[in-house]
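Fold and contact review
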Amino acid sequence: MGPPTGATQRRQALLWFIVVSQCVSALGCGSHYEFGIEDLCLAKFRLDMHELGERHWCSWEDTVELYGRLTNCTNLVAFKLGCFWPNKLVDDFFIRVHKHYFQDCSLSGRLLKDPPNRILGPFIVVPILVTLLMTGLVVWRSKRSEGIV
(Lines give C-alpha, C1' and ligand atoms only; values in the text may rest on other atoms or scores of the structure.)
Protein backbone atom coordinates (compact mmCIF):
# COMPACT_ATOMS: atom_id res chain seq x y z
CA MET A 1 0.00 0.00 0.00
CA GLY A 2 1.41 3.37 -1.02
CA PRO A 3 1.61 6.64 0.90
CA PRO A 4 -1.74 8.30 1.63
CA THR A 5 -3.00 10.73 -0.98
CA GLY A 6 -4.19 14.27 -0.25
CA ALA A 7 -7.86 13.24 -0.39
CA THR A 8 -7.26 10.36 2.02
CA GLN A 9 -5.40 12.64 4.43
CA ARG A 10 -8.25 15.18 4.32
CA ARG A 11 -10.81 12.42 5.04
CA GLN A 12 -8.73 11.14 7.94
CA ALA A 13 -8.30 14.67 9.29
CA LEU A 14 -12.06 15.28 9.02
CA LEU A 15 -12.79 11.99 10.76
CA TRP A 16 -10.37 12.84 13.58
CA PHE A 17 -11.89 16.30 13.90
CA ILE A 18 -15.39 14.82 14.26
CA VAL A 19 -14.27 12.24 16.83
CA VAL A 20 -12.29 14.76 18.88
CA SER A 21 -15.07 17.38 18.80
CA GLN A 22 -17.59 14.81 20.04
CA CYS A 23 -15.24 13.71 22.83
CA VAL A 24 -14.51 17.29 23.88
CA SER A 25 -18.20 18.10 23.82
CA ALA A 26 -19.04 15.03 25.93
CA LEU A 27 -16.16 15.51 28.34
CA GLY A 28 -16.52 19.29 28.47
CA CYS A 29 -19.54 18.90 30.73
CA GLY A 30 -17.95 18.49 34.07
CA SER A 31 -18.83 19.71 37.49
CA HIS A 32 -21.14 22.53 36.23
CA TYR A 33 -23.41 20.08 34.48
CA GLU A 34 -23.34 17.56 37.33
CA PHE A 35 -24.06 20.32 39.84
CA GLY A 36 -26.88 21.64 37.63
CA ILE A 37 -28.70 18.34 37.26
CA GLU A 38 -28.24 17.50 40.94
CA ASP A 39 -29.44 20.89 42.18
CA LEU A 40 -32.15 21.68 39.68
CA CYS A 41 -33.46 18.38 38.37
CA LEU A 42 -32.87 15.87 41.14
CA ALA A 43 -34.03 18.21 43.89
CA LYS A 44 -37.41 18.67 42.17
CA PHE A 45 -37.65 14.95 41.40
CA ARG A 46 -36.95 14.07 45.05
CA LEU A 47 -39.71 16.39 46.22
CA ASP A 48 -42.16 15.00 43.67
CA MET A 49 -41.33 11.40 44.55
CA HIS A 50 -41.62 12.11 48.28
CA GLU A 51 -45.00 13.71 47.66
CA LEU A 52 -46.08 10.70 45.56
CA GLY A 53 -45.20 8.26 48.34
CA GLU A 54 -43.03 5.18 48.34
CA ARG A 55 -46.01 2.87 47.75
CA HIS A 56 -46.47 4.32 44.24
CA TRP A 57 -42.84 4.43 43.11
CA CYS A 58 -43.19 1.20 41.12
CA SER A 59 -46.38 2.30 39.38
CA TRP A 60 -45.37 3.48 35.92
CA GLU A 61 -48.67 5.32 35.50
CA ASP A 62 -47.88 7.41 38.59
CA THR A 63 -44.20 8.06 37.87
CA VAL A 64 -44.07 8.46 34.08
CA GLU A 65 -44.78 12.19 34.17
CA LEU A 66 -42.24 12.84 36.95
CA TYR A 67 -39.64 10.74 35.16
CA GLY A 68 -40.31 12.56 31.89
CA ARG A 69 -39.83 15.92 33.63
CA LEU A 70 -36.53 14.69 35.10
CA THR A 71 -35.32 13.57 31.67
CA ASN A 72 -36.35 16.86 30.05
CA CYS A 73 -34.67 18.82 32.83
CA THR A 74 -31.33 17.05 32.31
CA ASN A 75 -31.65 17.71 28.58
CA LEU A 76 -32.46 21.39 29.13
CA VAL A 77 -29.52 21.88 31.52
CA ALA A 78 -27.21 20.25 28.97
CA PHE A 79 -28.56 22.51 26.23
CA LYS A 80 -28.15 25.68 28.33
CA LEU A 81 -24.55 24.73 29.22
CA GLY A 82 -23.75 23.74 25.64
CA CYS A 83 -23.16 20.12 26.57
CA PHE A 84 -23.73 17.03 24.51
CA TRP A 85 -26.80 15.05 25.66
CA PRO A 86 -27.00 12.20 26.52
CA ASN A 87 -23.54 11.73 27.94
CA LYS A 88 -21.68 9.63 30.50
CA LEU A 89 -22.63 11.94 33.37
CA VAL A 90 -26.32 11.70 32.53
CA ASP A 91 -26.07 7.91 32.22
CA ASP A 92 -24.45 7.65 35.65
CA PHE A 93 -27.03 10.07 37.05
CA PHE A 94 -29.97 7.96 35.83
CA ILE A 95 -28.35 4.76 37.07
CA ARG A 96 -28.14 6.33 40.55
CA VAL A 97 -31.77 7.47 40.30
CA HIS A 98 -32.88 3.96 39.29
CA LYS A 99 -30.88 2.31 42.06
CA HIS A 100 -32.48 4.58 44.63
CA TYR A 101 -36.09 4.85 43.48
CA PHE A 102 -36.80 1.84 41.25
CA GLN A 103 -34.52 -0.89 42.61
CA ASP A 104 -37.35 -3.05 43.99
CA CYS A 105 -39.65 -2.69 40.98
CA SER A 106 -40.35 -5.57 38.63
CA LEU A 107 -40.09 -5.25 34.86
CA SER A 108 -43.88 -5.10 34.58
CA GLY A 109 -43.94 -2.02 36.80
CA ARG A 110 -45.82 -3.70 39.63
CA LEU A 111 -44.28 -4.37 43.02
CA LEU A 112 -44.01 -8.10 43.56
CA LYS A 113 -45.46 -9.40 46.84
CA ASP A 114 -46.82 -12.61 48.28
CA PRO A 115 -50.50 -13.39 47.69
CA PRO A 116 -52.86 -13.32 50.67
CA ASN A 117 -52.83 -16.33 53.01
CA ARG A 118 -56.29 -17.45 51.90
CA ILE A 119 -54.85 -18.02 48.41
CA LEU A 120 -51.37 -19.16 49.40
CA GLY A 121 -52.58 -21.58 52.11
CA PRO A 122 -54.19 -24.20 49.83
CA PHE A 123 -51.08 -24.29 47.62
CA ILE A 124 -49.06 -25.27 50.70
CA VAL A 125 -51.53 -27.50 52.56
CA VAL A 126 -52.88 -29.59 49.65
CA PRO A 127 -49.50 -31.06 48.55
CA ILE A 128 -48.65 -31.88 52.18
CA LEU A 129 -51.97 -33.68 52.67
CA VAL A 130 -51.63 -35.57 49.37
CA THR A 131 -48.12 -36.68 50.35
CA LEU A 132 -49.31 -37.92 53.76
CA LEU A 133 -52.32 -39.65 52.20
CA MET A 134 -50.20 -41.45 49.58
CA THR A 135 -47.65 -42.51 52.24
CA GLY A 136 -50.46 -43.87 54.43
CA LEU A 137 -51.99 -45.69 51.45
CA VAL A 138 -48.64 -47.35 50.57
CA VAL A 139 -48.10 -48.45 54.19
CA TRP A 140 -51.67 -49.78 54.47
CA ARG A 141 -51.39 -51.74 51.17
CA SER A 142 -48.01 -53.20 52.19
CA LYS A 143 -49.51 -54.62 55.42
CA ARG A 144 -52.35 -56.30 53.51
CA SER A 145 -50.45 -59.00 51.70
CA GLU A 146 -53.43 -61.16 50.71
CA GLY A 147 -54.69 -60.69 47.21
CA ILE A 148 -51.32 -59.71 45.78
CA VAL A 149 -50.11 -62.16 43.16
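Described in the following lines is the structure provided in the data block. Keep in mind the model is a prediction, meaning the values are calculated, not measured.

1. Structural notes on the overall build of the protein
Looking only at helices and strands, the protein has 5 helices and 0 strands in total. Its helices and strands in sequence order give the protein the pattern α-α-α-α-α, from N to C terminus. The 149 residues of the protein split such that 19% are buried. In the protein, the proportion of contacts linking residues at least 24 apart, taken out of those at least 6 apart, comes to 69%. Summed over all atoms, the accessible surface of the protein reaches about 12,000 Å², with 66% contributed by carbon and sulfur.

2. Concerning helix α3 (residues 60–81)
Under the 1.5 Å per step criterion, the end-to-end length of α3 is 30 Å for 22 residues, consistent within 8% with the ideal 32 Å. Listed as buried for α3 are Thr63, Leu66, Tyr67, Leu70, Thr74, Val77 and Ala78. On the buried face of α3, the contacting elements are α2 (31–52) and α4 (88–101). Note on α3: the residue one or two positions beyond its end, Gly82, has a positive phi of about 75 degrees.

3. Some remarks on the state of the cysteines
Under the criterion given, the structure shown has 1 disulfide. Between the sulfur atoms of Cys41 and its disulfide mate Cys73 the distance is 2.0 Å. The sign of the -80 degrees torsion about the S-S bond sets the Cys41-Cys73 disulfide as left-handed. Note that Cys41 is positioned in helix α2 and Cys73 in helix α3, a separation of 32 residues in sequence. The exposure class of Cys41 is buried, given its relative accessible area of 3%.

What counts, and where the lines are drawn
Residues numbered from 1 in each chain as written. Predicted model: local features only at pLDDT ≥ 70, side-chain atom pairs only at ≥ 80, totals over all residues. Heavy atoms only, no water. Helix = DSSP H or I, 4+ residues; strand = E, 2+ residues; numbered from the N terminus. Buried < 20%, exposed > 50% of the residue type's maximum accessible area, 1.4 Å probe, protein only. Contact = heavy atoms within 4.5 Å. Areas by Shrake-Rupley, 256 points an atom, 1.4 Å probe, with all protein chains shown as cover. Expected span 1.5 Å × (residues − 1). Disulfide = S-S within 2.5 Å.

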